[in-house]
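Chain residues, written in single-letter form:
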Amino acid sequence: MMEKPLTIPPRTIMTPGPVEAEPSVLRAMSSSVLGQFDPDFTAIMNDVMTMLREVLQTENHWAFPVDGTSRAGIEAMLGSIIEDGDKVLVPGFGRFGYLLKEICERVGGDVKLITCDWGEVFEEDEVTQVIRDWKPKVVAMVHGDTSTGRVHPLKAIGHACRENDALFIVDAVATVAGMDVLPDEWYIDGLITGTQKCLSIPSGLAPLTYNHRIEAVLQERKSVEEGIASSEDPRGMDRRVRSNYLDLSQLQDYWSPKRLNHHTEATSMIYGLYEGLRVILEETLPARFARHKENEAALVAGIEGMGLELFGDPAAKLTTVTCVKIPPGVDGDAVRKQLLDDFGIEIASSFGPLHGKIWRIGTMGYSCQKRNVLAVLNALESVLIWQGVTVTRGNGVQAALSVYQNQSKTAAKSLLSS
Ligand SMILES: *Cc1c(COP(=O)(O)O)cnc(C)c1O
């Protein structure tokens, strides 16, 4: 049987990832294949490292992607530093805290999870006190948890880690390139992100960065593969990282001038990362963060203007995700289905205790733009009315339009006065 040619329906994606890819990223990814040691390709790798340091706002030397989605990067980082019985503290404030806990346990850590209610974040003292009392070797934490739409302040926690000689590892998958993330200033030793969120590249790479404190641990645990090792290379077995694929000490050798062979690099994905990073730096980080704030403000005004309520502590709201309470008696999944079927718009449901209680609307990367925000507000209002839900008709989009108008006035004024 002959299958019909592949056809992909157009979509407006307003979820917390994957989001719409930058068109130039998709074009870059369809370029012809280069081998992973081709000098034209290794030159691209060097440029990727340079741009990644800028986007990650770090002076660290090591900044490169791990092949696989974000959790491959998280697992590489944690698995390369945690050894059997190491004490690991995970302050979790949503689903992704549990993911960190699970990964730390699987790589042999003695994990203590502390939690707060979903929709809230910790008082910083609650976390720093445990660091001082329990003295973990590693503290692993999420910066922005998309499951609850909250963002956690990290600087005081990072400082406590440094003072108590703990390594501070942060999952910043939902925030990098959408909000300010400052690994060096916040005493973050290792930080991981992913491509499919604010970077607006298809999923499949986990860019990460780490400092000399992590590098020292990697150096101690380093073991070069037997078939490619020379007599001087370390071949220690007792502390060797369990995973070969996700051993940062080996990946680091491929991303160093040695170009020591490891996996076959996903060269087409690296083209996508190159172009995605380039576009971010061309827009500039401050302009990009302001764009995320502006669209978030319009979305929030639109949701409230319609008469719907937001979920969670407003003081800890994540710019890139807006959580909306599903009105009582409304079938949240039926609304999402109609948004997709009739309008080609995707928004997200939620996990665990929040399933059926909230929708999550993303404003990330290329998807984070005026026409998408207005489209999702318009469509959501129409679907709710169609399904018999009472909303304040017409107010949502009007409120969002006012936000855009006021912001363009403010921008014009500041241009005049500068
Ligand atoms: C989306 C997200 C991830 C995703 O992990 P993948 O392996 O890329 O699916 C991890 N952490 C956080 C906080 C996220 O928001």
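Residues numbered from 1 in each chain as written. Predicted model: local features only at pLDDT ≥ 70, side-chain atom pairs only at ≥ 80, totals over all residues. Heavy atoms only, no water.

1. Structural notes on the pairing of strand E8 (residues 167-171)
Selection criterion: Burial status follows relative accessibility: with a 1.4 Å probe on protein chains alone, a residue under 20% of its type maximum counts as buried, one over 50% as exposed, and anything between as partly exposed. Strands here mean DSSP runs of E at least two residues long; helices mean DSSP runs of H or I at least four residues long; both are numbered from the N terminus. Only strands that DSSP links by at least two bridges are regarded as paired with each other.
Across the five residues that make up E8, a large majority, five, are buried. Of the two faces of E8, the one carrying Leu167, Ile169 and Asp171 and the one carrying Phe168 and Val170 are both buried. Pairing of E8 with strand E9 (residues 190-192), which is carried by three bridges, proceeds in the parallel orientation. If you follow Asp171 over to E9, its bridge partner there is Ile192.

2. Observations concerning helix H10 (residues 285-305)
Definition in use: Given a helix with a known number of residues, its expected span is that number minus one, times 1.5 Å. Contacts described as polar in this section are N or O atom pairs within 3.5 Å, which, within protein, must combine one atom able to donate a hydrogen with one able to accept it, while residues neighboring in sequence count only if both atoms come from side chains.
In this model, H10 (21 residues) spans 30 Å end to end at C-alpha, consistent with the 30 Å of a helix rising 1.5 Å per residue. Between the side-chain oxygen at the start of H10 and the backbone nitrogen of Ala287 there is a gap of 3.3 Å, and the oxygen is on Thr284. Phi turns positive, to about 95°, at Gly307, one or two residues after H10.

3. Overview of the site of the ligand
Our working rule: When at least one non-hydrogen atom of a residue lies within 4 Å of a molecule or strand, that residue is treated as near it. The accessible surface values rely on the Shrake-Rupley method and a 1.4 Å probe; as for residues, cover is taken only from the protein chains in view. Amino acids are sorted into nonpolar (Ala, Val, Leu, Ile, Met, Phe, Trp, Tyr, Cys and Pro), charged (Asp, Glu, Lys and Arg) and polar (every other residue, Gly among them).
Around the ligand lies a shell formed by Thr69, Ser70, Arg71, Phe96, Val142, Gly144, Thr146, Asp171, Val173, Ala174, Gln196 and Lys197. With respect to the ligand, the side chain of Ser70 contributes an N or O atom lying 2.5 Å from an oxygen atom. Between an oxygen atom of the ligand and a main-chain N or O atom of Arg71, the distance comes to 2.9 Å. Isolated, the ligand exposes 390 Å² of accessible area, and the fraction of that covered by the protein chains is 89%. Class assignment of the residues belonging to the shell around the ligand gives a composition of four nonpolar, five polar and three charged.

4. Some thoughts on the packing of aromatic side chains
Note the following rule: Working definition: rings of Phe, Tyr and Trp (its six-membered ring) pair if their centres are within 6.5 Å, and the pair is stacked with planes under 30 degrees apart, edge-to-face with planes over 60 apart, and tilted otherwise.
The final tally for this structure, using the stated rule, is seven aromatic pairs. The interplanar angle of 85° and the centroid separation of 6.0 Å between the aromatic rings of Phe64 and Tyr210 together place this pair among those described as edge-to-face. Pair noted here: Phe64 is in strand E2 (residues 62-67) and Tyr210 is in strand E10 (residues 205-210), with a separation of 146 residues, a long-range link. Judged by relative accessible area, which is 0%, Phe64 ranks as buried.

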